[in-house]
Amino acid sequence: MEKNIKRFLFSIPSKRKNLSAEANIALQMGALASKQIDINRTRCIHPGGRPENIAEHNLMLAKVAPELAVLLYPELDENLVARYSTLHDDIEIYVGDTPTDTLANLDLSKKEDREKAGINKLLEEYSHIPSYTRLITSYESQTIPEAIFVRAVDKLMVLLIHIPNNGTTLQENYTYESFLESEKTLLQRDRYKYGQFEKIVQLRKELAQELADRYLKK
């Protein structure tokens, strides 16, 4: 699989012999976090012209998802939701982001192959930190309710990110009608990703309508 990947965007820092195991783990996890700043995500541009990056996306999700869990699905472990939120896109540190909601001619099979290679590389390089790799593996398996919930709430972030720039990116790419039609199509395509969390589906519809009314309605 990895032979089809020309190069990864990140490689774990080598172990430093003069440091303890704990210090090396801190250094290696810190490097993983720092790299998130370099990976841009979507077409949404912040005021000043800066694109969104993975670090702020993960922080947004980590702020939003636990609170929605408490409010809407209190049976979930909100702390596990928060933990999954901080690492759900760590694979993109290795392979970058492909915003499937904005690429009409995307070859999904190539995206899946690239991401599979990336996750294998991440798990290999961080195998000496099993508490971390177990979380990555359980999130990717999408069998635990908290993991499914985080993936569902993650779909709201592509809407919330348009608020800081007052819908400028939306206005550059959509009309009122085309945006709502796009949202309808995306929900139909990705409905399975929301699992049993129908309240998150309804939240996405509510937020999409708010964006359309506020920024696109003539």
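It should be noted that the structure appears before, not after, this text.
So, here's what we can say about the structure. (Residues numbered from 1 in each chain as written. Predicted model: local features only at pLDDT ≥ 70, side-chain atom pairs only at ≥ 80, totals over all residues. Heavy atoms only, no water.)

**So, the side chain of Gln28**
Going by this rule: Numbering of helices and strands runs from the N terminus; a helix is a DSSP stretch of H or I covering at least four residues, while a strand is a stretch of E covering at least two. Throughout, a contact is declared for two residues whenever any of their heavy atoms are within 4.5 Å.
You can see Gln28 is positioned in helix α1 (residues 21-35). Once residues lying within four places of it in the same chain are set aside, the contact partners of Gln28 are Ile12, Pro13, Ser14, Lys15, Tyr126 and His128.

**Thoughts on unusual backbone geometry**
Most of the time, phi is negative for any residue but glycine, and the peptide bond is trans. We count it as follows: Each residue is assigned to one of three classes by its accessible area relative to the maximum for its type, calculated with a 1.4 Å probe on protein chains only: buried under 20%, partly exposed between the two thresholds, exposed over 50%.
Its identity as a non-glycine residue notwithstanding, Gln142 has a phi of 55°, on the positive side. Of the residues examined, Gln142 reaches a relative accessible area of 15% and is grouped as buried. Positioned with a positive phi, Asn166 is a non-glycine residue whose angle comes to about 55°. For Asn166, the position within the fold is in the loop between α7 (145-160) and α8 (168-173). By relative accessible area, which is 52% here, Asn166 ends up exposed.

**Brief notes about the pattern of salt bridges**
Operational definition: Any Lys or Arg side-chain nitrogen located within 4 Å of an Asp or Glu carboxyl oxygen qualifies as a salt bridge.
Tallied over the entire structure, the rule returns ten salt bridges. Lys35 serves as the salt-bridge partner of Asp38, at 3.8 Å between the closest nitrogen and oxygen. Using a relative accessible area of 53% as the deciding quantity, one classes Asp38 as exposed. The salt bridge partner of Asp97 is Arg41, with a shortest N-O separation of 3.9 Å. You can see Asp97 sitting in the loop between α4 (92-95) and α5 (108-125) and its partner Arg41 sitting in strand β1 (residues 40-45), a full 56 residues away along the chain. Since its relative accessible area comes to 18%, Asp97 is described here as buried. One continuous salt-bridge network, built from bridges that share partners, spans Arg41, Glu52, Asp89 and Asp97.

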